[in-house]
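The residues making up each chain are set out below.
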Amino acid sequence: MFVFFFLCNLSLEPAAASKNKIKGSQGQFPLTQNVTVVEGGTAILTCRVDQNDNTSLQWSNPAQQTLYFDDKKALRDNRIELVRASWHELSISVSDVSLSDEGQYTCSLFTMPVKTSKAYLTVLGVPEKPQISGFSSPVMEGDLMQLTCKTSGSKPAADIRWFKNDKEIKDVKYLKEEDANRKTFTVSSTLDFRVDRSDDGVAVICRVDHESLNATPQVAMQVLEIHYTPSVKIIPSTPFPQEGQPLILTCESKGKPLPEPVLWTKDGGELPDPDRMVVSGRELNILFLNKTDNGTYRCEATNTIGQSSAEYVLIVHDPNALAGQTGPDHALIGGIVAVVVFVTLCSIFLLGRYLARHKGTYLTNEAKGAEDAPDADTAIINAEGSQVNAEEKKEYFI
């Protein structure tokens, strides 16, 4: 109807005016741009003409149905609204966009001949929240686990990535299938790995990335529960058990399910002295150790998965012997000090004796020179003479 009205107006114009309009229209071209919108969002279709001499603009959908002719709405669709209408621009909006709205839209400028410009509307299909399947709790240590993550409704096909303890796992399988509407896709990814006790409580994450999610990926998480046999370790309260003192042996057991209680034995049999060897939970309390307590103590832990044990060899030390064993360094140091003092004293003694002997020899020689001397001067001369003779005798005998 709007096209017919427009053509009728053209037929009523004078021929000269019609020629001028056709001539001026040679520089008139509609300009459009492709539009991408997320499903459920709003698309804005804009058609502009830089030079327009009052020529009408029109938007039509992929089915060639007229949406707007200038500012007049032609299709009864409440989702379609006018944004701006002038001789230089015709912009319309399409709200709550669906996948069926995707296609090529046409802007027409009614010159002679009519000029058109195409704008392709791309609608992105938002992937559904992913789901992880294949996990059944609990899983036994050493079993092979296969987890599958799936999401539907993405357009184009979404990307799935796996993470374990925030570390990405690369070796996975990926499958893409077209949905029944032949527009969107269902994608799935499978993760295979063999579990151990370190996987207990670990969060495995499936992450879906897609351009429609605005850099905010959708995730699904599965926390693993792994059952495993106990691990056992015996921890003594002191590294050097001494006779007469108490001793506590703690059986540290870890497993899932948690083993409870533990079994204590000594040398392959029951504890010999229940009154002095008291079991409390995972602890074995031995009161007032003595040499009869020496032996091998065994702690055994059991859960529904299996059994494990640990052994501790007890050697009760004599407090006196232990003190002697711990003090050899002090005795060695004391011995060295005594030797040094002894050597020093001997050196002083020998030096004093040497000096005393030399002094005695001098006095003896002086006395010998003074026996026959009538006076002191003669005695000194005689003493010196005797020393000279002694030296001469030494030289003579040599």
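Please read these numbers as outputs of a predicted model, since none were measured by experiment.

**With respect to the overall build of the protein chain**
Okay, step 1: Each helix and strand counted, the protein chain has 5 helices and 26 strands in total.
Okay, step 2: Expressed as a percentage of its 398 residues, the buried residues of the protein chain come to 32%.
Okay, step 3: Nonlocal contacts in the protein chain, meaning residues at least 24 apart in sequence, comprise 61% of its contacts between residues at least 6 apart.
Okay, step 4: Total accessible area computed for the protein chain in this model is approximately 24,400 Å², and 55% of it derives from carbon and sulfur atoms.

**Focus: the state of the cysteines**
Okay, step 1: All chains considered together, the criterion is met by 3 disulfides.
Okay, step 2: There is a disulfide in this structure between C47 and C107, and the S-S distance comes to 1.9 Å. Where C47 bonds to C107 through sulfur, the torsion about that S-S bond is close to -75°, and the disulfide is left-handed. Of this pair, C47 sits in strand β3 (residues 43-49) while C107 sits in strand β9 (residues 103-109); the two residues are 60 residues apart in sequence, bridging distant segments of the chain. For the pair shown, C47 and C107 are each scored as buried.

**Section: the environment of S309**
Okay, step 1: Within the secondary structure, S309 sits in strand β26 (residues 307-314).
Okay, step 2: Taking the C-alpha atoms as reference, S309 lies 5.6 Å from V232; in sequence the two are 77 residues apart.
Okay, step 3: Contact partners of S309, with chain neighbours within four places excluded, come to V232, R298, C299 and E300.
Okay, step 4: A distance of 2.7 Å separates the side chain of S309 from the side chain of R298, its partner in a polar contact.

**Observations regarding the side chain of T111**
Okay, step 1: Tracing the backbone through its elements, the reader meets T111 in the loop between β9 and β10 (115-124).
Okay, step 2: Since its relative accessible area comes to 3%, T111 is described here as buried.
Okay, step 3: A distance of 2.5 Å separates a polar atom in the side chain of T111 from the backbone oxygen of P113.

**Here we look at the sheet that holds strand β23 (residues 277-280)**
Okay, step 1: Pairing is mixed across the open sheet formed by 5 strands, whose spatial order is β12-β20-β21-β24-β23. Edge positions in the open sheet fall to β12 (139-140) and β23, since each of these has one partner strand only.
Okay, step 2: With 2 bridges connecting them, β12 and strand β20 (residues 226-236) associate as parallel partners. Residue pairing in the sheet places M140 in a bridge with H227 of β20.

**A look at the environment of T116**
Okay, step 1: Tracing the backbone through its elements, the reader meets T116 in strand β10.
Okay, step 2: Distance from T116 to L31, taken between C-alpha atoms, is 8.6 Å for residues 85 residues apart in sequence.

**Re the sheet that holds β9**
Okay, step 1: With respect to topology, 6 strands assemble into an open sheet ordered β2-β10-β9-β4-β5-β6, the strand pairing being mixed. At either margin of the open sheet sits one strand with a lone partner, and together these are β2 (35-38) and β6 (72-73).
Okay, step 2: The pairing of β2 with β10 spans 4 bridges and is parallel. Directly across from T36, in β10, lies its bridge partner T122.

**Comments concerning the packing of aromatic side chains**
Okay, step 1: Inspection of every chain in the model, using the stated rule, returns 1 aromatic pair.
Okay, step 2: Geometry around F29 places K115 over its ring, the cationic atom sitting 4.2 Å from the centre.

**As for the pattern of salt bridges**
Okay, step 1: Scanning the model with the defined rule gives 20 salt bridges in all.
Okay, step 2: The shortest N-O distance in the salt bridge between R79 and D101 comes to 2.7 Å. Taken together, the residues R79 in the loop between β6 and β7 (80-85) and D101 in the loop between β8 (89-94) and β9 connect sequence positions 22 residues apart.
Okay, step 3: Given a relative accessible area of 23%, R79 falls into the partly exposed group.
Okay, step 4: Its salt-bridge partner being R282, residue E260 comes within 2.9 Å of it at the nearest N-O pair. Separated by 22 residues along the polypeptide, E260 in the loop between β21 (247-256) and β22 (262-266) and R282 in the loop between β23 and β24 (283-286) bring together distant segments of the chain.
Okay, step 5: One salt-bridge network, held together by shared partners, links R161, E168, K170, R207 and D209.

**Overview of unusual backbone geometry**
Okay, step 1: Looking along the chain, the bond that leaves K155 and enters P156 is cis, with omega of -5°.
Okay, step 2: In this structure, P156 sits in the loop between β13 (144-154) and β14 (159-164).
Okay, step 3: Here the bond from K256 into P257 is cis, since omega is 0°, no more than 30 degrees from zero.
Okay, step 4: Its location among the elements puts P257 in the loop between β21 and β22.
Okay, step 5: The backbone of D70 shows a phi angle near 55°, a positive value even though the residue is not glycine.
Okay, step 6: Residue placement: D70 occurs in the loop between β5 (66-69) and β6.

**Comments concerning the environment of Q222**
Okay, step 1: Its location among the elements puts Q222 in strand β19 (residues 218-223).
Okay, step 2: Residues Q222 and I205, 17 residues apart in the sequence, show an inter-C-alpha distance of 6.4 Å.

**Considerations on a nonpolar patch on the surface**
Okay, step 1: On the surface, a nonpolar cluster with roughly 470 Å² of combined accessible area is contributed by I333, V337, V341, L345 and I348.
Okay, step 2: Inspection of the secondary structure puts V341 in helix α4 (residues 328-371).
Okay, step 3: Exposure remark for V341: the relative accessible area of 44% places this residue in the partly exposed category.

Criteria and thresholds
- The written sequence of each chain sets the order in which its residues are numbered from 1.
- Reporting in this predicted model follows two pLDDT cut-offs: at least 70 for local features of residues, and 80 or more for side-chain atom pairs to be given and counted; totals over whole chains, interfaces and linings ignore these cut-offs and use all residues.
- Computation of side-chain values covers all heavy atoms of the structure but excludes hydrogens and water.
- Only DSSP runs of H or I reaching four residues or more are called helices, and only runs of E reaching two or more are called strands; each is numbered from the N terminus.
- For every residue, the accessible area (1.4 Å probe, protein chains only) is compared with the maximum for its type, and the residue is labelled buried under 20%, exposed over 50%, or partly exposed between those bounds.
- Contacts between residues were defined by any pair of non-hydrogen atoms, one from each residue, lying within 4.5 Å.
- Using a 1.4 Å probe, the Shrake-Rupley method yields the accessible areas, and only the shown protein chains count as cover for residues.
- Here, two cysteine sulfur atoms that lie within 2.5 Å of each other are counted as a disulfide.
- Polar contact is defined as a pair of N or O atoms within 3.5 Å, subject to the rule that within protein one atom must be able to donate a hydrogen and the other to accept it, and that residues adjacent in sequence are counted only when both atoms are side-chain atoms.
- The rule for pairing is simple: two strands pair if DSSP sees at least two bridges between them.
- Ring geometry is summarised as follows: Phe, Tyr and Trp rings, the Trp one being its six-membered ring, pair when their centres sit within 6.5 Å, and such pairs are stacked at plane angles under 30 degrees, edge-to-face over 60 and tilted between the two.
- Ring-over charges, as used throughout, are those where CZ of Arg or NZ of Lys falls within 6 Å of the ring centre and within 35 degrees of the ring normal.
- We count a salt bridge whenever a side-chain nitrogen from Lys or Arg sits within 4 Å of a carboxyl oxygen from Asp or Glu.
- Each patch is built from residues lacking any salt bridge and having more than 30% relative accessible area; the joining distance is 9 Å for like charges and 5 Å for nonpolar side chains (Val, Leu, Ile, Met, Phe, Trp, Tyr).

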